[in-house]
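Coordinates in review
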Amino acid sequence: MSELKLLLVDDEVEFLEPTAARLARRGIQCRAVASGDEALRALGEEAFHCAVVDVKMPGMDGLELLRRITRDYASVPVILLTGHASVELGVKGMELGAFEYLLKPVEFDLLLDTIRRAAALRST
Amino acid sequence: MGGLFSRLRRLLSAAPTRSQVLSSAAFRLKYERFRELLALNDATLQLYADLEDLLASTEAFALDSILQRTRKASLDVFVMVKNLNQIAGGRYHELYDAMQRISGQLDAEFLRLRGTARGPLVVPLIRLRASDVPLAGAKMANLGEVAGCCNLAVPPGFVITTAAFARFMADNELWERCERLEGVLEAHGPEALAEACAEVHRAILAAPLPKDVAAAIADGYQQTFGGEDVLVAVRSSAVGEDAAAASHAGIYYSHLNVRPHELADLYRQVVASAFSPVAVSYRLARGLTAGESAMAVGYLRMVQPRAAGIMFSRHPEDLDSDQVMIAATAGVAAGVAAGSEGGSVWIGTLGGQFEGEGTLLAPHELLRLAAAARTLEAHFRAPQDVEWALDGDGRLIILQTRPMVAIAAEVEGDTELSQGLAVLLEGGAVACPGVGAGPVVVAHRDEDLRTFPPGGVLVARHSSPTFLQVMNRCAAIVTEVGSPTGHMAILAREMGVPALVGVAGALAVLEEGRQVTVDARARRIYAGLPANGKAGRRRQAVRRDTPAVQALGRIASLVTPLHLTDPAAPEFAPAHCRSLHDITRFVHEKAFEVMFHFGDEAGEDRHNSYRLAAELPIEIRVFDVGGGLAEDTYAAGTVPVSAVTSVPMRAFLDGMLDPRHAWRNPRPVSVKGFLSVLGESVAGPPPQAQQLGRLSYAIISDRYLNFSTKAGYHFSTVDSYCGHSTNKNYIHFRFSGGAADAQRRARRIVFLTRVLEALEFRVKAKGEILHARLDKYEQEVIVARLTDLGRITMCVRQLDMLMDSDATPEFFARAFLAGEVDKFY
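Thresholds applied
- All residue numbers refer to position in the chain's written sequence, counted from 1.
- Chains and ligands are labelled by the order in which they are written, letters from A for the one and numbers from 1 for the other.
- In keeping with the model being predicted, local features are shown solely for residues with a pLDDT of at least 70 and side-chain atom pairs are shown and tallied solely at 80 or more, while totals for entire chains, interfaces and linings include all residues.
- Excluded from the side-chain calculations are hydrogens and water; all other atoms, namely the structure's heavy atoms, are used.
- Any two strands are treated as partners once DSSP identifies two or more bridges connecting them.
- For the purposes of this entry, the term helix denotes a DSSP run of H or I that reaches at least four residues, the term strand denotes a run of E that reaches at least two, and both are numbered from the N terminus.
- In this description, a line fitted to the C-alpha atoms serves as the axis of each element, helices being fitted only across the stretch in contact, and the angle between N-to-C directions of two axes falls anywhere from 0 to 180 degrees.
- Criterion for a salt bridge: a side-chain nitrogen of Lys or Arg within 4 Å of a carboxyl oxygen of Asp or Glu.
- Confidence scores per residue from the predictor, reported as pLDDT, run from 0 to 100.
- Here, two residues are considered to be in contact whenever any of their heavy atoms come within 4.5 Å of each other.
- When the centres of two rings from Phe, Tyr and Trp lie within 6.5 Å, Trp using its six-membered ring, the rings pair. Their planes under 30 degrees apart give stacked, over 60 give edge-to-face, and anything left gives tilted.
- Residue burial is assigned from relative accessible area. The probe radius is 1.4 Å, only protein chains are included, and a residue is buried under 20% of its type maximum, exposed over 50%, and partly exposed in between.
- Any N or O atom pair separated by 3.5 Å or less is treated as a polar contact, with the protein-specific requirement of one donor-capable and one acceptor-capable atom, and with residues adjacent in sequence counted only for side-chain atom pairs.
- By definition, the buried area sums, over both parts, the 1.4 Å-probe accessible area that each loses when the two are put together.

Below, the discussion takes up the sheet that holds strand 3 (residues 232-238) of chain B. Residues and elements named next belong to chain B. Strands sit in the order 1-2-5-3-4 across an open sheet of five strands; the sheet is antiparallel. With partners counted over all chains shown, the strands left at the sheet margins are strand 1 (122-124) and strand 4 (254-258), one partner each. Across this sheet, the average inter-strand angle for adjacent strands is 20°, counted without regard to direction. Strand direction decides the pairing type here: strand 3 and strand 4, joined by three bridges, are antiparallel.

Following this line, the structure appears as structure tokens:
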């Protein structure tokens, strides 16, 4: 597979930056943004294989961003991340078409694996 | 020929006609989600069983850890629903509705257990009444009641409510962490609890106050004290605190002489005190939930007292007596309550004299205090434990009132037990009567409590509420300093631990490890153990009638009962799921249904699969989803049998490749049988018999096999996991459809039922569909049965041809079980 391009969206900078750095070391080209608005701007500028989106963000939350992505960028699978283990959020996210719903703290390898899976499915 | 072939396949296949081509990544994903679903199924079933046990038991148990597990189950079941939808292409979306419905009901119960109320974030003390406990916590609600209805003075103050607390906890995502603590103690013991609590403590102290909560504190301060800079006392006021059965005496945090700039910090401190090791142990021992720690915080103007103390409206050892007990100290009384100071004690009646030490309180002051105690008792309709202060102008101010904790009427232990033992020490005051015996364990510091052995007699300089941590396992408590009116004494009475306080010289005489018997009622400590070799005391069972226990019952009814028992019933549907268990059952059933068609999705995808180079009359395409084939690249898309490393696939192939299957031998086909095969399937020129049943798919991993033969006289699937963990191992076998007339099909089902039942499968046959399963067997058994299934798969191909009128299914079943495979050829 050619280099994988990922959009990482999380307002929590302590998560965002180290995760982006680790993903980059594993060969994933990562654009890290801290809000839903920035994410939409990024999607308008370039194509991504996959988006990883935190559910709880100020302003546009992760579910709203997911809704926009599935509407306007249907080919980009979305992996939702949440620090708050909630069945309700999970159900909403899956019904809105999330590719996967992962709980924070997420094991890095699991995240990496899920990203690769999502991207692989997209490319078929 | 090709057109006929695909037409045949469509006719014979039970799968959707649209062939869905999956990539190898998708196969792997689907397989892994299926595996995860099965693992979660096992985990949740275990949890349902545990929950049922816990509900039936009378032992003290941790409601919080049950809640924790319930929440975990609800997430696990959600993931099962998610995975089922992911492997079934979203076919079971209604399950999300069922999931949301049940989890919504559970959340509502959780919220009620958390004990928080909706309402304003701040309320002036004087506006509160006893009914405001859910909003203001017990301590402050009662104090408001005293001011409003008892004609007694309380300090000016305001309360930051449980609504503010709920906001603080939710905004900082603190609840889940806090609710984990009870589980930590249960699972890992007190030492781990201390660490876990310290971590939660740090998280709470570091958490920012929501803006409106910070504003509420500032507003309350401004409006209550009118812009004056005053010192305040910041006091806990938890919802479950101060109940007669659960005093929480001295467990939560109070802070005196607080300056205005410290108000927010101390808010966090008080909240954090609800999650100290002592508080967690207390709730655990009393069967309370973290919900009953929902914490309001009172800010009261500091009183600068001449004297202050505690009083009981009845003598604690005899609630029917007419005596009032008053303990006092000069200045602020925190030390009396905490037990680190003795103070002076008076006992007397309203109409008569008070006996006691010292001149701190004049007789008329004692009478005034006693009268106030009885006023409160009359108002609250129960003997009261009252914290009071007399200020410099002689005004009486009530700081707190709560129901007294009566000494347990029956405390196991009999004075006669100690007869014949030598007296080591005598004296002190009875904090809780009863007899307890065991080795002396001296506690100098709180840390010493962490390693406290069960059955020890705790000996310490000062009494302290932190002893609560060991009250469920210590035999008795002896302290050199302390008061029967102090917090520890109240807790000892609640927990039924024999306790003596104020025993002079205890530390000098009671050396570490020495076996002693404490008779608290007689105020004596003896050398050695009682005649029966044990003393002990009764452990209190959790009260079964608390609101928390009732709520637990409601929660359990949403989790454990199974209503969906018959997969064939019309009620076996998402809309009829009423519990998590129902959903689990439904998902499990449907997951296997989906996996029976796993092979269909292989479709005509040749890119991600290998042709198995085996001497068989059928062509098998192999999809490896992890460790099923030896790592190698295989030329021309073909793998040899020797490359198969999948344990269940190897076993299955062993059966298929059994040399006794003489399928190569030319065999006369009975015209009658052959025509009947065709009669119900296709019209047109008969295809070559060998070409029927040509394509089979095997999706394998190192321990997994999903084998389907879909184009043939029948459609069958074997789904199996075969590893070292017996509990995870299974074989599910499904057989259906096929050509041939109804009579022959029925015979075939009879044959399979006989054989599979003899091989210990559980078999369900209905019409032309047969399900057989074998669950939780050792790897060797699974391997042997898979080999049998391999043989069956080969033999059953012959059956339609063989079973004419005089050849019964019983005959072939016996032949098969006797190992006479050749009879089929």
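And the narrative resumes.
This paragraph deals with the pattern of salt bridges. Enumeration according to the criterion identifies 44 salt bridges over all chains in this entry. Ionic pairing is found between Glu88 of chain A and Lys92 of chain A, a salt bridge with its closest N-O pair at 3.2 Å. Here Lys92 of chain A and Glu88 of chain A lie together in helix 4 (residues 87-95), a separation of four residues that amounts to about one turn. By sharing partners, the salt bridges in this structure join Asp658, Arg660, Glu760, Arg785, Asp788 and Arg791 of chain B into a single network.

Glancing now at the confidence of the model for chain B. Residue and element names in this part refer to chain B. Mean pLDDT over chain B works out to 80, with 79% of the residues at or above the 70 mark. When the criterion is pLDDT under 50, residues 408-413 qualifies, and its contacts beyond four places in sequence or with other chains add up to eleven contacts. A low-confidence stretch, residues 673-693 stays under pLDDT 50, and its non-local contacts, those more than four residues away or across chains, total 40 contacts. Interface scoring of the predicted complex returns ipTM 0.88; its pTM is 0.58.

To continue, consider the packing of aromatic side chains. Residues and elements named next belong to chain B. What the rule picks out here adds up to 20 aromatic pairs over all chains. On the numbers, 5.4 Å between centres and 85° between planes, the contact of Phe34 with Phe592 is edge-to-face. With Phe34 in helix 2 (residues 24-56) and Phe592 in helix 18 (residues 580-595), this residue pair connects regions lying 558 residues apart in the sequence. Its relative accessible area of 0% is what places Phe34 among the buried residues. Among the residues examined, Phe592 registers a relative accessible area of 5% and is labelled buried.

All right, on to the side chain of Arg117 of chain A then. Position of Arg117 of chain A relative to the elements: it lies in helix 5 (residues 108-123). Beyond its immediate stretch of four places on either side in the chain, Arg117 of chain A contacts Phe99 of chain A together with Ala25, Arg28, Leu29 and Glu32 of chain B.

Once that is clear, we can look at the side chain of Gln400 of chain B. Residues and elements named next belong to chain B. By secondary structure assignment, the location of Gln400 is in strand 11 (residues 396-403). A residue is classified by how much of its surface remains accessible, and Gln400, at 4% relative accessible area, is buried. Side-chain polar atoms of Gln400 contact the side chain of Arg235, separated by 3.3 Å.

Every contact between the two is made by 20 residues of chain A and, on the other side, 21 residues of chain B. Counting the surface lost from both chain A and chain B, the interface buries some 1,700 Å², and carbon and sulfur atoms represent 61% of this. Counting the contacts that link chain A with chain B gives four salt bridges. Residues Lys56 of chain A and Glu173 of chain B are paired through a salt bridge, measuring 3.5 Å at the closest nitrogen-oxygen approach. Put simply, chain A and chain B have four residue pairs in polar contact (both at pLDDT 80 or more) between them.

Residue and element names in this part refer to chain B. Strand order in the open sheet formed by eight strands is 12-19-18-14-15-16-17-13, with mixed pairing between adjacent strands. Among the strands making up the open sheet, the edge pair consists of strand 12 (423-426) and strand 13 (429-432). Taking each pair of neighbouring strands and ignoring which way they run, the sheet shows an average axis angle of 30°. Two elements, strand 12 and strand 19 (residues 524-527), share three bridges in a ladder whose sense is antiparallel. If you follow Val423 over to strand 19, its bridge partner there is Tyr526. Running at roughly 50° to strand 13, helix 15 (residues 487-495) makes contact with strand 13, strand 16 (476-481) and strand 17 (499-501) of the sheet.

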